[in-house]
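# Structural overview
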Amino acid sequence: MSGNNFEDEVFEEGIEAKFPFKPKKYDGHDHSDLKNCSLYKILPPEMKKEVEKNLHLLEYLHILPIDTIGIPRYVPKLESKHGDIEHPNLIYKVNDEIYVHIYPNKNDVRDYYIPIEPILLTGIGNMVKELEAKMVDHLTGIEFDPQDIEEKKEILLNAMDEICVIGEKKLVSGSLIKIKNSVGARLFPDKSQNQDNHIYLSREHYKALKYSIIRDKIGLGYLDPYMNDSNIEDITCNGLGSIFIEHKVFDGLRSAMEFTEHETLNYFIVKMAERIGKPITFKDPIVDATLPDGSRINIVYGDDISKNGSNFTIRKFNEIPFSILEVIEKGAMDYRIAAYLWLLLSEGMSGFVCGETASGKTTTLNGLTAFINPDSKLVSIEDTPELQIPHKNWTREMTRGSTRGGGLGEGGGSDVTMFDLLKAGLRQRPNYILVGEIRGVEGNIAFQAMQTGHPVTSTFHAATVEKLIQRLTAEPINIPKTYIDNLNFVIIQSAVRRPDGKIARRVLSVNEILGYDPDKGGISFVEAFSWDPVSDSFVFTAMGSSYLLEQKIATRLGIPAKKKNVIYDEIEKRAKILERLHNEGITNFYDFFNTTSKIAKQGMLRIQF
């Protein structure tokens, strides 16, 4: 959103910032001496430090109805406990330039998400237009590769530095210009007052212009604050109207930004598609792509196939994935389930994480990879890069599709499918194969891999074990029922609604596959763990009778039949290790992997019998 006329909610034609309050009038007075600002005087100490660094935060606070809602609470680091606030009115920091105001919405379940950007500074709207006009002349004739982001960024910033002068311009004589800034006064020759291509501005406005140029010419424009916020999981534009957000702390939120005209929305989507190298047209109106940071985007273009107009959904990519301890912290499973899965994966068992869309399958699978032996060779196969594996010996394979119109992919060549990559992966002699998601015929190859001794883990869209088996044994996967027991365990995960109305991810069950039962003509399986929705806790239903622990793992480890109970002691031991690591704060994905690797190397995981 560019510009800063708070009295008028329209920032650009077709795009509006619908504040959930009536903005107070703000005259944009000078804040060079903050001690004279009455609002600054009443701010808490932490907020004072932030407005000293970023005046646009103070300008935003000036337009708030503080007499009604009070001064928002400043949170330097957002934590899960803040999501329990009933009517949150707080501001948290995204990075050195961007803040977010979570504003209470008493009329809806979704509170408001309001980005606070440097471009909110008074006067920036006109400066942006002036700078862009001058940059067109300045960059004429300069050739550069538009795909090289760093080169483009450097050229734009160099041009901006040559155009912008920090300080106040005052004519001293017919031949000299005096520039007054915080350092002191300097004299520059005035070649021509009428042909002066410089912009004279304050240091704060310079920072805001720099932010604006990078955001709009390099980043994703209006979406940049959302893309920079690591607390956001999904960004959805359903057409005209608000942008909706799925937040890790506050769940569902409603952005203050709205698209109000189809023409503006279509223009924004076309430009966004071009920027990621996936042009979109009415003839080819659907795009699935990966953004430069690894996030997934789906775009549907035009109102002939989408009644509310063009729409898009971005599934954010986490630079550092959740560790299994962070999954536990969110309540998705407990230490004992994690300890059980740790033992299964370290002993080469194959398993699927199943559930509906947005149930947290990939997050769980990613967290579980840390339990695979650290000296293993891993091969991952994906449509879009989501898995992040901490192992050093990791081969990452990606599918490739041909471009529209029958042309070849960017590097030339034909389609390379999951099926192709799985066949190739088997020749690479991996200790483990991880598949981002099994959907079709590649499932058959995955089971062949299991049968030849290559453990496989994957995600799968199925809400129950029964539905999973139905899909595996039907077209197009066609796994013979007698092969199903090559799959050892199945995790069923779902998004559930808590008593307070909030959505949470939970592992509903962990199941052990026993195999084909010729008498019943079906696949037998038992629940090893189940979730109790009343107490929101997990029950180890297979305690003392686990098929995988006793018949597979214990046998594999050479544990005598009379001493198989020690395998359950191992689960308890590992659960305590996980709890201790959690209490010690070792929750970072890579720190957790390194720590458990050291524990294994020191022999602490050897089972004594």
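Below you will find a few notes about this structure.

What counts, and at which threshold
- Residues numbered from 1 in each chain as written.
- Predicted model: local features only at pLDDT ≥ 70, side-chain atom pairs only at ≥ 80, totals over all residues.
- Heavy atoms only, no water.
- Salt bridge = Lys/Arg side-chain N within 4 Å of Asp/Glu carboxyl O.
- Helix = DSSP H or I, 4+ residues; strand = E, 2+ residues; numbered from the N terminus.
- Buried < 20%, exposed > 50% of the residue type's maximum accessible area, 1.4 Å probe, protein only.
- Phe/Tyr/Trp six-rings, centres within 6.5 Å; stacked < 30°, edge-to-face > 60°.

### Considering the pattern of salt bridges
According to the stated counting rule, one finds 20 salt bridges in the structure shown. The shortest N-O distance in the salt bridge between Lys-93 and Glu-50 comes to 3.3 Å. Of the two residues, Lys-93 sits in strand E4 (residues 90-93) while Glu-50 sits in helix H2 (residues 45-53), which places them 43 residues apart along the sequence. Of the residues examined, Glu-50 reaches a relative accessible area of 7% and is grouped as buried. A salt bridge links Arg-315 to Glu-386, with the shortest nitrogen-to-oxygen separation between them at 3.4 Å. Of this pair, Arg-315 sits in strand E17 (residues 311-315) while Glu-386 is found in the loop between strand E19 (378-382) and strand E20 (394-398), placing the two residues 71 residues apart along the sequence.

### Describing the packing of aromatic side chains
Given two aromatic rings, their pairing is described by the distance between the two centres and the angle made by the two planes. Scanning the entire structure with this criterion turns up 16 aromatic pairs. Judged by centre distance (6.2 Å) and plane angle (90°), the ring pair of Phe-352 and Phe-447 falls under edge-to-face. Here Phe-352 is found in strand E18 (residues 351-355), whereas its partner Phe-447 is found in helix H14 (residues 442-451), with 95 residues between them in sequence. In this pair, the class of Phe-352 matches that of Phe-447, namely buried. An angle of 5° between the planes, with centres 5.9 Å apart, marks the rings of Phe-352 and Phe-460 as stacked. With Phe-352 in strand E18 and Phe-460 in strand E22 (residues 456-461), this pair connects stretches of sequence that are 108 residues apart. As far as burial versus exposure is concerned, Phe-352 and Phe-460 are alike and both buried. Put simply, the rings of Tyr-222, Phe-259, Phe-268 and Phe-312 pair up and form one aromatic cluster.

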